[in-house]
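Structural overview for review
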Amino acid sequence: MKHSACLLRLIIYIALLYTNLHHTKAQHFLQGVVTEAGTGQAIEMATVQLLKKSDASIVSYTFTNAKGAFSMPLRQVSDSLQISVSLLGYKTWKQLVGDKRQWQIRLEEQAFALKEVEIRPGRVWGQRDTINYDISQFLTSKDQSIKDVIRKLPGLDVDDLGRISYNGKDISNFYVEGMDLTGGRYNQITNNLDAKAVESVQLLENHQPIRILQDKVKTENIALNLKLKPEFRDKWLLTLRGGLGSDKSSLLWEGSAHAMQLSRKSQSAYIYKGDNTGKDVTDEQFRFFDYSFGRLQEPDAPSYLSQPSIMAPLKKERLLFNDVHTLSANRLYRIGETAQLRINAGYTHDIRKQERGSETTYYQQHDSIHIAEESDTRIRSDQAELSLNLENNATDYYLSNRFKAIGNWDNSTSLFSGKQSVRQQIKTENWGLRNDFKNLWNPGEYTLEVRSLLRYNHSPSRLYVNDNKEAMHLNQLYTDNSLSLIRKQGSVNHQYTAGFTGQANNIKNGFSLYGIPSWQWKRSKWYANLSIPLIWTNFPQGELSRMAVNPSVSFNYKLNYAWRFSVSGSYREQYGDILNYQATPYQTDYRHIVWNSGKLPTLHIQQYSVYGEYKSTVKEFFASLSISHSRNGSDHMYEQLIEDGKVTIASRESDTDGYGWSLRGTISKGYYDWGLKASLAYLFSLNRAEQLSEGVRLPFKASYMQYEPKLSWSPSKHVEASYQSTIRYGGSTIGKDTRLSPLWNVVQKAEVSYELFPLEVNLSAEHYYNDVGSSKSVNAFFADSGIRLKHGNWQFEALASNLFDKQQYRYTEYNSLQSYTSWINIRGREFLLAARYKF
């Protein structure tokens, strides 16, 4: 596609933005303010509903803001409508609308119990689809950032990456005072926002972020909102930290600075962090959710090569030898009552080193091949991103335009030694531009929606093995555009969508046309979804032209406030990566070769699941359980070929299928009087697939079990203790004759801290147990300590890590037709002195 076409499209986007920003519409609104009858204080989060006078069915609803104000469109004859205002702890207020458009509503307090709401003067309470946590009831002097407190909240969990989940489901939106500052990179908030600045945490179930769809389309999304204490709103929060230390041979350092201003009108966060002590501060650039406005599943930006990974079943701070700098800048402006502009920028410079050795066993039909090697790897990574998001989120109109530019350039050098010495260098780059556009508006009784996604990626890759060089470049332009008609008739919401996708690249060009009829039935206790996408995909040069029907159905039932259940099923046909058209074999590293068939594989995927959850905010008890089953089929399968130490993964035209079962769940319980939270996450899975080996089908099965118990205990204001463990058990069967011995992998960590102000003492211990074979296991113990001195705005720390000075770690893992037994060098005993100052 020529550059002129791209320029024309950009001009059209700008014109659409200008037009939509100046959108006005002759429409009546109901507006008002809700206050307490006794004090006159504004009431936030009161539910304001428009009800039909005849049957009390809901026509529309909204919530009051922090000033007690509300506004909603009036689309029907007002003589037939009632306005109702309600909130837990107040008498419900109702009145006929009539000709009145401006309201001053005063609610009287009332103490009573509702069947759908659990009331208790405590630290957790529920209100409709919102769970509130009183942070002051969980906060201790040890807590530095709000993430430390979120870990203690019953029902919520934070993993090692910083991802937040509720009852086993990842949150889909993260807000501070109802505003999304970071665009999904919420580690930048949770890692750096002072825990003492937060008044409460709100968990919002069935969250519909688009106001125009709030009374039309129900979702299963979960959002988290932080409400700040009044004295911290609109106040700049500045923190500086620096530290110096050493191990046996080098100087260690860390430094950080961040400034935040968080209010309901504008928000800012500027962050710098640098480190060579093993902390992975690049996690703050990770985007936990980034919604595409394309209707169909968006293909990943393709790349021939990927950089070596530095991973092991060990905490990253033990194995990471790094030298990293990361910068983040976030600014959000509110424009009027409903519009906002967000600007996000980030840059990371990271150098990582790792020395390791491995013995890999490749299982064949008639024998096994063993390859041993050692490696010394250095990876330099530079990543930059700039994004602009303009949004107008009104009750009768929605506009969002998101523009993003990225640049990633990585360079790794590895020295391998074994039967032969090899020097390998991999250079990869990804330069990309992306624009997502979405617009909804109401012409009469309908809602119209326009979506458009345009993405361009330039991804050159180069592989150097000794004196040989191989260059592989990819350019791709991808677009997805659609128009939808949405109409609500009684309890049924109809949505009909038509659209097209297209991609142009330097391998094969293709496009698809699609139509998606979908329906949602809603009742007081249940709702159901049915969608039947019809998709025609065509790659004219690739001999692919197929029509697919991809139905999905789900049913959700809410028995009462405590119990919810859902069942779902889906079938979809999808196709392989564009790289499958690359029929010429190419190397991905010095040992591995990919050999595709030159055709796109066709995959048939069935998925079924049953889910149930329970919550009691009074008892601080939360639990979930899900069972899922999948069946997969494909007209291609992979063959593993090994010759002269080279491993080729070849794609062959041959039908194959597989299946998988999984059972997963969570249990979380808070003990109000003991200051205790106990939780357990568990997973059982069984998967079967097959792969070709020496021309013969070789089936393999993998079974896996994982438990993650966690305890957090604060028996007094002086003492805090925690324990967490990850217990894994898994084995594989390959063919009829090869059974890989099940392996145990256990990680345990215990921490205790004691404060006698102004001193705080912290001790932690870790235990790792790994099976490295059927009759051999490895135990590893680590201990860390720290002393913290607090004086006014200053905080001083003396830290010691890996007190037992363990230098190396061994482990074994299984992967389809291979097993790996590896050792890695880890960080030894280290000492660090640090100081922090809060302005």
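Residues numbered from 1 in each chain as written. Predicted model: local features only at pLDDT ≥ 70, side-chain atom pairs only at ≥ 80, totals over all residues. Heavy atoms only, no water.

To continue, consider the overall build of the protein chain. A count of helical and extended segments in the protein chain gives 4 helices and 47 strands. A compact globule built from 839 residues should have a C-alpha radius of gyration of about 28 Å, and the protein chain, at 29 Å, falls within 12% of that. Summarising its shape, the C-alpha atoms of the protein chain cover approximately 90 × 75 × 50 Å along the three principal directions. The buried share among the 839 residues of the protein chain stands at 51%. For the protein chain, the proportion of contacts with a sequence separation of at least 24, taken over those separated by at least 6, is 63%. Charged side chains of the protein chain number 99 positive and 86 negative; the gap between the two group centres comes to 5 Å. (Helix = DSSP H or I, 4+ residues; strand = E, 2+ residues; numbered from the N terminus. Rg over C-alpha atoms; globule rule 2.2 N^0.38 Å. Buried < 20%, exposed > 50% of the residue type's maximum accessible area, 1.4 Å probe, protein only. Contact = heavy atoms within 4.5 Å. Lys, Arg positive; Asp, Glu negative; His and termini not counted. Charge placed at Lys NZ, Arg CZ, Asp CG, Glu CD.)

This paragraph deals with the packing of aromatic side chains. This model, assessed by the stated rule, comprises 28 aromatic pairs. When the centroid spacing of 5.3 Å and the interplanar angle of 15° are considered together, the rings of Tyr671 and Trp674 count as stacked. On the basis of relative accessibility, which here comes to 54%, the residue Trp674 falls in the exposed class. Considering the side-chain rings of Tyr729 and Trp744, the 4.4 Å spacing of their centres and the 45° angle between planes classify their relative orientation as tilted. Within this pair, whereas Tyr729 is found in strand β40 (residues 719–734), its partner Trp744 is found in strand β41 (residues 738–756), the two being separated by 15 residues in sequence. Take Tyr729: its relative accessible area is 29%, and that puts it in the partly exposed class. Judged by relative accessible area, Trp744 falls into the partly exposed class, the value being 35%. Joined through ring pairs, the aromatic side chains of Phe174, Tyr186, Phe286, Phe288 and Phe289 make up one cluster. Over the aromatic face of Tyr671 sits the side chain of Lys669, whose NZ or CZ is 4.3 Å from the ring centroid. Taking the ring centre of Phe321 as reference, the NZ or CZ of Arg827 above it sits at 5.4 Å. (Phe/Tyr/Trp six-rings, centres within 6.5 Å; stacked < 30°, edge-to-face > 60°. Lys NZ or Arg CZ within 6 Å of the ring centre and 35° of its normal.)

Inspection of every chain in the model, using the stated rule, returns 2 cavities of 30 Å³ or more. In this model, the largest cavity occupies a volume close to 90 Å³. Forming the walls of the largest cavity are 11 residues, and the residues nearest its centre are Ser60, Tyr61, Arg211, Asp215 and Thr395. When residues of the lining of the largest cavity are traced back to their parent elements, those giving at least two are β3 (58–63) and β4 (69–74). Among the elements that take part in the lining of the largest cavity, β3 stands out by supplying 3 residues, more than any other. Counted by class, the lining of the largest cavity contains 4 nonpolar, 4 polar and 3 charged residues. Surrounding the second largest cavity, Thr140, Ser141, Lys142, Ser716, Lys717, His718, Val719, Glu720, Ser753, Tyr754, Glu755 and Glu760 form its lining. No other element matches the 3 residues that β41 contributes to the lining of the second largest cavity. For the lining of the second largest cavity, the residue count by class is 2 nonpolar, 5 polar and 5 charged. (1 Å grid on protein atoms, 1.4 Å probe; cavity = no way out; pocket = protein on both sides within 12 Å on 5 of 7 lines; lining within 4 Å. Points joined across faces, edges and corners; volume = space filled by probe spheres on them. Nonpolar A, V, L, I, M, F, W, Y, C, P; charged D, E, K, R; others polar.)

A contiguous nonpolar patch, built from Val752, Leu759, Val761, Leu763, Ile787, Leu789, Trp794 and Phe796 and spanning about 670 Å² of accessible area, is present on the exposed surface. At the level of elements, β42 (759–771), β43 (777–791) and β44 (794–801) are the ones that each hand at least two residues to the nonpolar patch. In terms of residue count, the dominant contributor to the nonpolar patch is β42 (3 residues). By the secondary structure assignment, Ile787 is in strand β43. We classify Ile787 as partly exposed; its relative accessible area is 46%. (Patch = residues over 30% accessible without salt bridge, like charges linked within 9 Å, V, L, I, M, F, W, Y side chains within 5 Å. Areas by Shrake-Rupley, 256 points an atom, 1.4 Å probe, with all protein chains shown as cover. Salt bridge = Lys/Arg side-chain N within 4 Å of Asp/Glu carboxyl O.)

A separate point is the side chain of Asp280. Within the secondary structure, Asp280 is located in the loop between β18 (266–275) and α4 (316–319). A polar contact is formed between the side chain of Asp280 and the side chain of Arg352, at a distance of 2.8 Å. The residues contacting Asp280, other than those within four sequence positions of it, are Lys316, Leu320 and Arg352. (Polar contact = N/O pair within 3.5 Å; in protein donor to acceptor, adjacent residues only side chain to side chain.)

Here we take up the environment of Ser452. Here Ser452 is to be found in strand β24 (residues 446–465). Taking the C-alpha atoms as reference points, Ser452 and Gly294, 158 residues apart in sequence, are found 6.4 Å from one another. At 2.5 Å, the side chain of Ser452 and the side chain of Asn481 are in polar contact.

The next point concerns the nonpolar core. Here is a general trend for soluble globular proteins: nonpolar side chains tend to be buried in one another's company. Residues Tyr133, Leu153, Phe174, Leu193, Leu224 and Leu226 are the most contacted members of the largest nonpolar core, which totals 40 residues. Once residues within four sequence positions are removed from consideration, Phe174 is found in contact with Ile164, Met179, Asp180, Tyr186, Ile189, Thr190, Leu224, Leu226 and Phe289. Counting residues in each nonpolar core, the second largest holds 21 residues, with Val465, Leu544, Ala548 and Tyr586 among its members. (Core = buried A, V, L, I, M, F, W, Y, C linked by side-chain atoms within 4.5 Å.)

Further remarks concern the pairing of strand β13 (residues 173–176). Because side chains alternate across β13, one face comprises the buried residues Asn173 and Tyr175, and the other comprises Phe174 and Val176, equally buried. Here 4 bridges tie β13 to strand β15 (residues 223–228), and the two strands are oriented parallel to one another. By the bridge assignment for β15, Asn173 is matched with Ala223. (Pairing = 2+ DSSP bridges.)

The next point concerns the sheet that holds strand β10 (residues 156–158). In spatial order, the strands read β10-β11-β12; together these 3 strands make up an open sheet with antiparallel pairing. Strand pairing shows two members of the sheet lacking a second neighbour, β10 and β12 (169–170), which therefore form its edges. Here 2 bridges tie strand β11 (residues 164–166) to β12, and the two strands are oriented antiparallel to one another. Counterpart to Tyr166 in the pairing with β12 is Lys169.

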